[in-house]
Amino acid sequence: MENKNYAALLRVIFGEKSMLVDDEAMNANPKLAEAVEDKMFELLEVLSPLQYISINDFLLEGKSREDFAQYIRDNADDIATQIQAKALRTMRHPKHSKAFREFMVYKDEKDMK
């Protein structure tokens, strides 16, 4: 079991702010750790890399939202490239791109120099 704050994740998911919640007991429960780790692995296919990082590398590590915002600022160029590349990969899939195929126009050979 990693040293992560699984209780913080549950608090955020369920909007629970009560002082009566036993964070230490939840964080010490290996079954909760396993359940969260399994779910995060499962969600790798659904979440964008940035979404995954926001949970796994920031929230579960006890880092603040400001820490995550700073990470985004520091890596803005790489993040923008990754997001755009993923969107283009999605749009290139025939299921999506076929709606645009008829609009591709090529020059005549005689127009090429």
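Residues numbered from 1 in each chain as written. Predicted model: local features only at pLDDT ≥ 70, side-chain atom pairs only at ≥ 80, totals over all residues. Heavy atoms only, no water.

1. Focus: the overall build of the protein chain
1) Next: In terms of regular secondary structure, the protein chain is built from 7 helices and 0 strands.
2) Next: Considering only C-alpha atoms, the protein chain reaches an extent of 80 × 30 × 25 Å along its principal axes.
3) Next: Counting the 113 residues in the protein chain, one finds 16% classified as buried.
4) Next: Expressed as a percentage of contacts within the protein chain between residues at least 6 apart in sequence, the contacts between residues at least 24 apart total 41%.
5) Next: Carbon and sulfur atoms make up 56% of the accessible area of the protein chain, which amounts to about 9,500 Å² in all.
6) Next: The protein chain carries 17 positive and 21 negative side-chain charges, and their two centres are separated by 9 Å. (Helix = DSSP H or I, 4+ residues; strand = E, 2+ residues; numbered from the N terminus. Buried < 20%, exposed > 50% of the residue type's maximum accessible area, 1.4 Å probe, protein only. Contact = heavy atoms within 4.5 Å. Areas by Shrake-Rupley, 256 points an atom, 1.4 Å probe, with all protein chains shown as cover. Lys, Arg positive; Asp, Glu negative; His and termini not counted. Charge placed at Lys NZ, Arg CZ, Asp CG, Glu CD.)

2. Description of the packing of helix α6 (residues 76–92) against helix α7 (residues 94–101)
1) Next: Following both chains from N to C, one finds α6 and α7 inclined at 75 degrees, their axes separated by 5 Å at the closest point. Between α6 and α7, the interaxial angle falls into the category roughly perpendicular. Mapping the contact onto sequence places Thr 90, Met 91 and Arg 92 in α6 and Pro 94, His 96, Ser 97 and Phe 100 in α7.
2) Next: Its residues placed into classes, the contact of α6 with α7 shows 3 nonpolar, 3 polar and 1 charged. (Axes fitted to C-alpha atoms, helices over the stretch in contact; angles between N-to-C directions. Parallel < 35°, antiparallel > 145°, perpendicular 65-115°, else oblique. Nonpolar A, V, L, I, M, F, W, Y, C, P; charged D, E, K, R; others polar.)

3. Some thoughts on a nonpolar patch on the surface
1) Next: On the surface, a nonpolar cluster with roughly 350 Å² of combined accessible area is contributed by Met 91, Phe 100 and Phe 103.
2) Next: Position of Phe 100 among the secondary structure elements: in helix α7.
3) Next: On the accessibility criterion, Phe 100 (47% relative accessible area) is partly exposed. (Patch = residues over 30% accessible without salt bridge, like charges linked within 9 Å, V, L, I, M, F, W, Y side chains within 5 Å. Salt bridge = Lys/Arg side-chain N within 4 Å of Asp/Glu carboxyl O.)

4. Thoughts on the environment of Gly 62
1) Next: Here Gly 62 lies in the loop between α4 (49–59) and α5 (65–74).
2) Next: Sequence separation between Gly 62 and Asn 3 is 59 residues; the distance between their C-alpha atoms is 9.9 Å.

5. Focus: the confidence of the model for the protein chain
1) Next: Considering every residue of the protein chain, the mean pLDDT works out to 92; 97% of them sit at 70 or more.
2) Next: For the protein chain, the element scoring lowest by mean pLDDT is α7, at 91; α5 scores highest, at 97. (pLDDT = per-residue confidence, 0-100.)

6. Remarks on the packing of aromatic side chains
1) Next: Tallied over the full model, the rule gives 3 aromatic pairs.
2) Next: Look at Phe 58 and Tyr 71: their rings are 5.5 Å apart centre to centre, the planes differ by 55 degrees, and that puts the pair in the tilted class. Highlighted residues: Phe 58 in helix α4 and Tyr 71 in helix α5, separated in sequence by 13 residues.
3) Next: Measuring from centroid to centroid gives 6.4 Å for Phe 68 and Tyr 71, while their planes differ by 10 degrees, and the two rings are stacked. Linking Phe 68 with Tyr 71, this pair stays in helix α5, spanning 3 residues, or about one helical turn. (Phe/Tyr/Trp six-rings, centres within 6.5 Å; stacked < 30°, edge-to-face > 60°.)

7. Overview of the environment of Ser 97
1) Next: Tracing the backbone shows Ser 97 in helix α7.
2) Next: For the pair Ser 97 and Asn 27, spaced 70 residues apart in sequence, the C-alpha separation works out to 46 Å.
3) Next: If near-sequence neighbours (up to four positions away) are discounted, Ser 97 is found in contact with Met 91 and Arg 92.

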